[in-house]
Amino acid sequence: MLPVISHYFSRLYQILQETVFPPKCLVCETFFRISDQGRNEIFAESDPDGHGRPPSLQTQLEISLATCLCPHCLAELVRVESPLCDCCGIPFKSRQGQDHYCGACLAAGNNFGIARAALVYDRIITKVIHCFKYRGKIQLAGPLGELLLTAFMFFWDKDSIDMILPVPLHPGRFRRRGFNQAYLLIRNWPEMAARRFGDLAPIRVERNVLIRKTPTAPQTALGRAQRAVNIKNAFDLNREEVLVNKRVLLIDDVYTTGATVNECARLLLSGGVRQVDVLTLARAI
Ligand SMILES: [Zn+2]
Ligand SMILES: [Zn+2]
């Protein structure tokens, strides 16, 4: 009971603070106030023993970013929803019909089982991720991590995963940036999950099992085939024994062509992992 009360008062303090110092939208840079509906949903969400109905997935995703984005930019976020590719999770243009395999997955296949994302990689989430990775706003790890956790609980049964691994950075890039964005997104999952969904154990978050041994050129300027060549053999395994027969969830910020997570999955499977799934914040389409 006490943690619920303490959480309630910390939310109340947050609201008082927002009234005096209103937050500024990360994307359009206007000052805004969290809407009354958003505030009510935050209270409902923060009180797991309350009697309100659980918010919809769309609302939960918006709640996660309600303190960073104005209501106008929030409303522009597009979540990934069916119909989508059963394997790589790309949403189809037609909003009719069932999930099925896309042409690329039918033609080439993937080393991972399924890949899913919280949001379509559009103008709004691109800007938010840019602020997080390149402008040092690491406080975004909280709301973005919550967004990712919500997507995880929506797409997976948590009993189907044993271990969560962030896609690693090469040590040189890690030193320059100061953090691995994929790890920051999941670092606080056990506490977040305990508050909202229940205990995440026995799932383990491991950040030093999959490592990056080769510094690769940035993938952004490369095409699909070049990306696969660029990333080939860039990773290595450490403490392989903890991976044997595990069902792994790989975490990254954006899924573009899938070259990076496919290479990670290939290596993990060769190291004895039973299954590799992928979750990202955003999905390029
Ligand atoms: Zn805005
Ligand atoms: Zn596909």
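The rules behind each value
Along each chain, residues carry numbers from 1 onward, in the same order as the chain's sequence is written. Lettering for chains starts from A, numbering for ligands starts from 1, and both go in the order in which the items are written. It should be noted that, the model being predicted, local features are given only for residues of pLDDT at least 70 and side-chain atom pairs only at 80 or more, the latter also being counted only at that level, while totals for whole chains, interfaces and linings use all residues. Only hydrogens and water are set aside when side-chain values are computed; all heavy atoms of the structure are taken into account. The rule for donors is simple: an N, O or S atom within 2.8 Å of the metal counts, and for Na, K and Ca the reach is 3.2 Å. Water is not among the atoms, so a site may look short of donors. A site with four donors is called tetrahedral when every donor-metal-donor angle falls between 85 and 135 degrees; four donors are called square planar, and six octahedral, when opposite donors sit more than 155 degrees apart and all other angles fall between 65 and 115; any other arrangement is irregular. Exposure classes here rest on a 1.4 Å probe applied to the protein chains alone. A residue is buried below 20% of its type maximum, exposed above 50%, and partly exposed in between. Pairing of aromatic side chains here covers Phe, Tyr and the six-membered ring of Trp, requires ring centres within 6.5 Å, and sorts the geometry by plane angle: under 30 degrees stacked, over 60 edge-to-face, intermediate tilted. Only when the NZ of Lys or the CZ of Arg is both within 6 Å of the ring centre and within 35 degrees of the ring normal is a charge said to sit over the ring. Cavities and pockets were defined on a 1 Å grid built over protein atoms only: a cavity is a set of grid points that admits a 1.4 Å probe from which the probe cannot escape, a pocket is an open set flanked by protein on both sides within 12 Å along at least five of seven lines, and lining residues are those with an atom within 4 Å of any such point. Grid points are joined across faces, edges and corners, and a volume is the space filled by probe spheres set on the points. Put simply, DSSP marks the helices as runs of H or I at least four residues long and the strands as runs of E at least two long, and each gets a number from the N terminus on. Throughout, the ten residues Ala, Val, Leu, Ile, Met, Phe, Trp, Tyr, Cys and Pro are labelled nonpolar, Asp, Glu, Lys and Arg are labelled charged, and all others, Gly among them, are labelled polar. We call two strands paired when DSSP finds no fewer than two bridges between them.

(A) Quick look at the coordination of the zinc ion (ligand 1). Distances from the zinc ion (ligand 1) to its protein donors, Cys-25 (SG), Cys-28 (SG), Cys-70 (SG) and Cys-73 (SG), fall within 2.3 to 2.4 Å. What the four donor atoms of the zinc ion (ligand 1) show is an angle range of 104 to 116° at the metal, which sorts the shape as tetrahedral. The motif formed by the donor residues of the zinc ion (ligand 1), counted along the single chain, is C-x2-C-x41-C-x2-C. On the basis of relative accessible area, Cys-25 is assigned to the buried category, the value being 2%.

(B) Here's a closer look at the packing of aromatic side chains. Inspection of every chain in the model, using the stated rule, returns six aromatic pairs. Through a chain of ring-to-ring contacts, three or more aromatic side chains come together here, namely Phe-152, Phe-154, Phe-155, Trp-156 and Trp-189. Between the NZ or CZ atom of Arg-79 and the centre of the ring of Phe-154, over which it lies, the distance is 5.3 Å.

(C) Spotlight on the layout of surface pockets. Of the voids in this model, the largest pocket is the one considered here, and its volume is about 660 Å³. Surrounding the largest pocket, 31 residues form its lining, Lys-133, Tyr-134, Gln-219, Thr-220 and Asp-253 being those nearest its centre. Elements with a minimum of two residues in the lining of the largest pocket: helix H6 (123-134), helix H8 (171-177), helix H9 (181-187), strand S6 (247-255) and helix H12 (259-270). Sort the elements by how many residues they give to the lining of the largest pocket and H6 lands first, with five residues. Classifying every residue of the lining of the largest pocket gives 13 nonpolar, eleven polar and seven charged. As a volume, the second largest pocket reaches approximately 450 Å³. If you go around the second largest pocket, you meet 24 residues; those closest to its centre are Asn-110, Arg-224, Thr-257, Gly-258 and Asn-262. When contributions to the lining of the second largest pocket are tallied by element, the ones reaching two or more residues are helix H5 (103-108), helix H11 (224-231) and H12. Across the lining of the second largest pocket, the residue classes tally to twelve nonpolar, seven polar and five charged.

(D) Geometry of the sheet that holds strand S7 (residues 275-283). Read from one edge to the other, the open sheet built from five strands follows the order S1-S7-S6-S2-S3, with strand pairing classed as parallel. Unpaired on one side and paired on the other, strand S1 (115-120) and strand S3 (204-205) mark the two borders of the sheet.

(E) Broad picture of the coordination of the zinc ion (ligand 2). Around the zinc ion (ligand 2), the protein supplies Cys-85 (SG), Cys-88 (SG), Cys-102 (SG) and Cys-105 (SG) as donor atoms, at distances of 2.3 Å. Coordination geometry of the zinc ion (ligand 2): the four donor atoms subtend angles of 105 to 113° at the metal centre, consistent with an arrangement described as tetrahedral.

(F) Broad picture of unusual backbone geometry. Note that the residue after Ser-82, namely Pro-83, is joined by a cis bond; omega there is 0°. For Pro-83, the location among the structural elements is in the loop between helix H4 (71-76) and H5. Cis geometry marks the peptide bond from Ala-201 to Pro-202, where omega comes out at 10°. By secondary structure assignment, the location of Pro-202 is in the loop between helix H10 (189-196) and S3. The phi dihedral of Glu-29 falls on the positive side, at around 65°, and the residue is not glycine. Within the secondary structure layout, Glu-29 lies in the loop between helix H1 (2-20) and helix H2 (36-46). The backbone of Arg-239 shows a phi angle near 55°, a positive value even though the residue is not glycine. Counting through the fold element by element, Arg-239 comes out in the loop between strand S5 (235-237) and S6. Here Arg-239 falls in the partly exposed class, since its relative accessible area comes to 36%.

Remember that the coordinates give geometry; whether it matters functionally is a separate question.
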